[in-house]
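# A structural walkthrough
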Amino acid sequence: MTKNLLSAFLCFFLMGSIANAQSKTVTGTVISIEDNLPLPGVNVIIKGTTSGAVTDLDGNYSIQAASNQTLVFSFVGFESQEALIGNRSVININMQIDAKTLGEVVVTGFGSITKGDLTGNIVSIKGAEIANIPVPNFQEALQGRLAGVFVESSSGKLGEGVKIRVRGTTSISGGNEPLYIIDGLPVTSGGAIGLFNPLADINFNDIESFEVLKDASAAAIYGARAANGVVLITTKSGAKGKTKFNVGIQRGVSSPTRKREFLNASEFVELIREAGYNNDLRNGLDPINNPGDFEDSDLEFVESRLNRYSGWSDWRTLETDTDWQEQAFNPDAGVTNVNFSASGGDDKTKFYFSTAYDKQDGIMIRNDFERISLRLNLDHQVNERFTLGANLGISRTRNNRLADDNQFNNPIQLVALAPITPIRDLDGQLYDRPTATYYNNLIDSENAQWLNTSFRNISNIYGEYKFTDKLRFRSEFGVDVMNQNEEQFFGSRTNLGLSTNGFARSRWLRIFNYNTNNYFTYTNTFAEKHNLEVVAGMQFQKSEDNFTRVEGQEFPLDELRTLASAAEITGGTSTFTNFTFLSYFARANYRFAGKYLATISGRIDGSSRFGDNNKYGFFPAASVGWIVSEESFLKDNDALSLLKLRASYGLTGNAEIGNFDHLGLYGPVSYALLPGLRPTQIPNPNLNWEKTAQFNVGIEFGLFRDRITGEIDYYNKDTRDLLLNVPVPATSGFEIQRQNIGRMQNYGFELILNGAILSKQNFSWNASFNMARNVNTVKELAPGQVSIPPSDSRYLNGIFIDQPIGVFYGPKYAGVDPANGDALYYLNEELTETTNEYNDAARMVVGDPNPRFIGGITNNFTFGDFDASFLFQGVFGNDIFDGGGGFFAANGDWFDNSTRDQLARWQNPGDITMIPQARLGECNGCNASSRYLSDGSYVRLRTLTIGYTLPSYLISKMKISTARFYFTGQNLLTFTKYAGWDPEVNADYLASNVFQGNDFYSAPQAKIFTLGLNVGF
């Protein structure tokens, strides 16, 4: 009996042991404690074996294991964790960032990676860091925050373009803006009507993160369009849990950052009369001391003009003293933002929904911006293997635009009018020519319209299928549809409508841009130490552009402003153009023992933009990294908590040129009313993309358990096969042809420092500093060509071998001759001889619009329930050419009002000054020269925010989850030596790769003060 019981017991024990050892499926999700976001790429290993799995993009894993086994979760940048399986079939893990490494997850092309595994150079910023900044577009909000990324607004006009340069300028005639990718879709960022900025359609409060791919290793997977960098934009998504609601309201006011000082009526009369009198003295007349000389003298001419310009008032008694600058600026400029969002989900479906209303009244009259946006992002897990989702974003943007800087109906040109001129006549009508010096564009405020309306749909859908835990396939399809309409009307009293009894123009643009990405991702861990991720796939993009313009004149009433009321349709045109890209790409990331890293990538791009002999190009890149601090000799070193070395080299391209530059083109022509064709462009079947080879070496470090972290990078970008218009023999029947000729170099360094300066119970202080230096040099042009001098005598920008692109080239101003008040210029580059003849002056490089250094410093503070942050941004070593300076000077044939510095003019022999004698009708120093160049360096308090979060005991009584009040100021202080309105400037009508650093009656940036409230439910 005992023997039978023992046998039964042994059988039961063995059966239990076998059952206990039997494997089962264990699943779960791994998330980061810091931001509660899923962690892809986490290694899940059965302890003591080589069996394992890797988490997918949503942080999910699945593994076969026995109950008595232990799972080990490891991820570079995070502390490893162990979990005994036991009776559990679902094990969720929250991972803590390892203070000795960088564990931030950054988005890359067609995937994501931890900062610790990254071997390329990617700079990242979270959307929360720029949320609620009161600017129309996200580009302006990035200023000073990203190392090596130069951001510059052309002026304070709302809704216009913003220049971004990632590690310098790489092209002379091609595009220099980065490629923008939103949720995998390359979006339309140019080609809009006028100067409207298509990226202003995007509500940046919907953005989760920005990643800027700077070096070739990071960007080469985007191939022929990555030479100028790539900006990856990821929008927000929902998370599992209770639905969360957020409401934000922001209201503020704005004003110019600076106003210039112009002459008042007394000073204007004095200077203009003196200018005419000086001419008389030079011509042997003295109408003041000898009244007989007054008739037909320049002084008589001046006073007759003053009689005209003073209208109904008396200039002799200074009855009128109009500040025209005040008339150009809007006294009621304001900012309004209202936004609402909801997010949540369950195990199957997650969602994010938002809607927002943004309205800004510009600091310039007749300039405002309005955006209404809506977004819905959905992710749904159909089953364990299949997930699908959609990112849907629509917006309507309305922008009352202003004319280009070099037009009289640009409001800021009101400053040219004489201060003795009244604004209105005695009947209440606005004064215009001949009483006003020039066109009084206040008339446009009452009799003109310039409205640009854009409807935008940026949406995509995706499906992802997991074949196994290691292999998945993702397919994406997206569209970017921009419908834009600009309605211009100029009434019968306006500058453009005066001779035509009213003039109107209607322009319509539709850009339909669609894209598909299809790629496989394979991840695996071998023998615990070898981690491999491989991405391979294809991309296809096509963009179609339809444009229509119609113009008409002769309107019965100024109140009837559409072309249906025009008596005569005077012109019109329509165009259609498109381009396509077909691409194949692959990338492999390898990590050995958690400390040795390598990445290789390649992309084959085919484009309709290039010649039949060069339709496809190959763009490879490779990089390596070594986390030295993971070695045994540094592993437990608290002083040096992180040391990582990385290097990369690769090839990228620039395909941003015209769609048909490689083709032989024909245009319409008529002869004796018969239609025909004529050749307009010579073909070039060999036309190819510009190619940029880039080398990058970097060091990442952390000190004192990452209390201080930083990066130092050196790069060298060599761009060849520049796309230039090259002169061709006249026997061809053409003057120029687009060819691949020339070379340009950019090299420099970048420094990033982050510090947790203080961290106490109720107080913390974190700071971040970035600085970059870029050196640009034009190395080659066409054979035998050493320069492309300035094409217009009014401007100074040119291209010269061994000089930066767009340097200022012209006469160097030598001051004023103390004997006679003549403006002087140097005769030679040694600056040893001078002349008063402008045409005899030596031409030389006199300045550089490219900054030598850019940087920014951010400080964040928390004190109890209060928080504060401020960002100082700086640009150093660049020059600005004030193209309006010659008109502000008291010389020439014009009667523009002058800036107050002209009162320091030469008046008597022996005077030492830089302002020549005032002479009416004679250009004494008013021509383009270094006289109008200034140091454009500045430091600006770009953003200041002070907030207060209601404590939990208060919000619990209100039945809400969070509530925060805040004040934000933008462009509050500017420190600069530049005498113009604003050192952050580039005249919009000159905007090009070459014409940089120019100011011509360009509006200053806005200083903005806002109060806001965010409430969460």
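The following paragraphs examine the structure supplied in this document. Because the structure is a prediction, the values reported are computed rather than measured.

## Description of the overall build of the protein
- Looking only at helices and strands, the protein has nine helices and 54 strands in total.
- What you see for the protein is a C-alpha radius of gyration of 33 Å, in line with the 31 Å of a compact globule of 1017 residues.
- Seen through its principal axes, the protein has C-alpha atoms that stretch 150 × 75 × 65 Å.
- For the protein, the proportion of its 1017 residues judged to be buried stands at 55%.

## Observations regarding the pattern of salt bridges
- Summed over the entire model, instances satisfying the criterion amount to 55 salt bridges.
- One salt bridge in this structure joins Asp-201 and Arg-456, with 3.0 Å as the shortest N-O distance. Placement of the pair is Asp-201 in the loop between β14 (185–186) and β15 (207–213) and Arg-456 in strand β22 (residues 448–466), with a sequence separation of 255 residues.
- The class for Arg-456 is buried, based on a relative accessible area of 3%.

## Focus on the state of the cysteines
- With the rule as written, the count across this model stands at one disulfide.
- The disulfide partner of Cys-923 is Cys-926, and the S-S distance across this bridge is 1.8 Å. Taking the torsion about the sulfur-sulfur bond, which here is approximately -130°, the covalent link between Cys-923 and Cys-926 counts as left-handed.

## Description of the pairing of β22
- Across the 19 residues of β22, 14 count as buried, placing the element largely inside the fold.
- As judged from the 15 bridges shared by strand β21 (residues 386–400) and β22, these two strands associate in the antiparallel manner. Residue pairing in the sheet places Ile-394 in a bridge with Asn-457 of β22.
- Adjacent in sequence and paired antiparallel, β22 and strand β23 (residues 471–490) are bridged by four residues.

## Comments concerning the side chain of Asn-137
- Its location among the elements puts Asn-137 in the loop between β10 (122–126) and α2 (138–141).
- Those residues within four positions of Asn-137 in sequence are excluded, and the remaining contacts are Glu-160, Val-162, Asn-197, Leu-199, Ala-200 and Phe-204.

## Here we look at empty space enclosed by the protein
- Within the structure shown, the criterion is met by 12 cavities of 30 Å³ or more.
- Computed from the structure, the largest cavity encloses a volume of approximately 340 Å³.
- If you go around the largest cavity, you meet 26 residues; those closest to its centre are Gly-41, Ile-113, Asp-117, Glu-533 and Arg-591.
- Residue composition of the lining of the largest cavity, grouped by class: nine nonpolar, 12 polar and five charged.

## A short note on helix α4 (residues 265–282)
- With 18 residues, α4 extends 26 Å from end C-alpha to end C-alpha; this agrees with the ideal 26 Å at 1.5 Å per step.
- For α4, the tally of buried residues reaches 13 of 18 residues, placing the bulk of the element in the interior.
- With a side-chain oxygen positioned 3.2 Å from the backbone nitrogen of Ser-266, the residue opening α4 is Asn-264.
- Backbone geometry just downstream of α4 places Gly-284 in the positive-phi region, at approximately 85°.

## Examining the nonpolar core
- Of all hydrophobic cores here, the largest spans 32 residues; its most connected members are Met-364, Trp-981 and Tyr-1001.
- Going through the elements one at a time, α6 (324–328), α7 (442–447) and β54 (1006–1016) are the ones with two or more residues in this core.
- Setting aside residues up to four positions removed in sequence, Met-364 forms contacts with Ala-328, Phe-329, Asn-330, Leu-402, Pro-411, Ile-412 and Ala-1003.
- Residues Phe-138, Ala-141, Val-166 and Phe-210 belong to the second largest nonpolar core, which totals 27 residues.

Reading guide: rules and limits
- Sequence positions are assigned chain by chain, starting from 1 and proceeding in written order.
- It should be noted that, the model being predicted, local features are given only for residues of pLDDT at least 70 and side-chain atom pairs only at 80 or more, the latter also being counted only at that level, while totals for whole chains, interfaces and linings use all residues.
- Computation of side-chain values: all heavy atoms of the structure, hydrogens and water removed.
- Going along the chain from the N terminus, every DSSP run of H or I of four or more residues is numbered as a helix, and every run of E of two or more is numbered as a strand.
- We take the radius of gyration over the C-alpha atoms and set the globule estimate at 2.2 Å times the residue count to the 0.38 power.
- Remark: exposure states derive from per-residue accessible area (1.4 Å probe, protein chains only) relative to the maximum for the residue type, with buried under 20%, exposed over 50%, and partly exposed in between.
- Salt bridges, as used here, are contacts in which a Lys or Arg side-chain nitrogen is within 4 Å of a carboxyl oxygen on Asp or Glu.
- Here, the term disulfide refers to a pair of cysteine sulfur atoms separated by no more than 2.5 Å.
- A pair of strands is considered paired only if DSSP assigns at least 2 bridges between the two.
- What makes two residues a contact is simply this: any of their non-hydrogen atoms within 4.5 Å.
- Method remark: on a 1 Å grid restricted to protein atoms, a set of points is classed as a cavity if a 1.4 Å probe fits but cannot get out and as a pocket if it is open with protein on both sides within 12 Å along at least five of seven lines; lining residues have an atom within 4 Å of a point.
- Grid points are joined across faces, edges and corners, and a volume is the space filled by probe spheres set on the points.
- Classification used: nonpolar for Ala, Val, Leu, Ile, Met, Phe, Trp, Tyr, Cys and Pro, charged for Asp, Glu, Lys and Arg, polar for all others including Gly.
- Helix span is expected to be 1.5 Å times the residue number reduced by one.
- Two N or O atoms count as a polar contact when they lie within 3.5 Å, although within protein this holds only if one can serve as hydrogen donor and the other as acceptor, and sequence-adjacent residues are included solely when both atoms are side-chain atoms.
- What we call a nonpolar core is a set of buried Ala, Val, Leu, Ile, Met, Phe, Trp, Tyr and Cys residues that are connected through their side-chain atoms within 4.5 Å.

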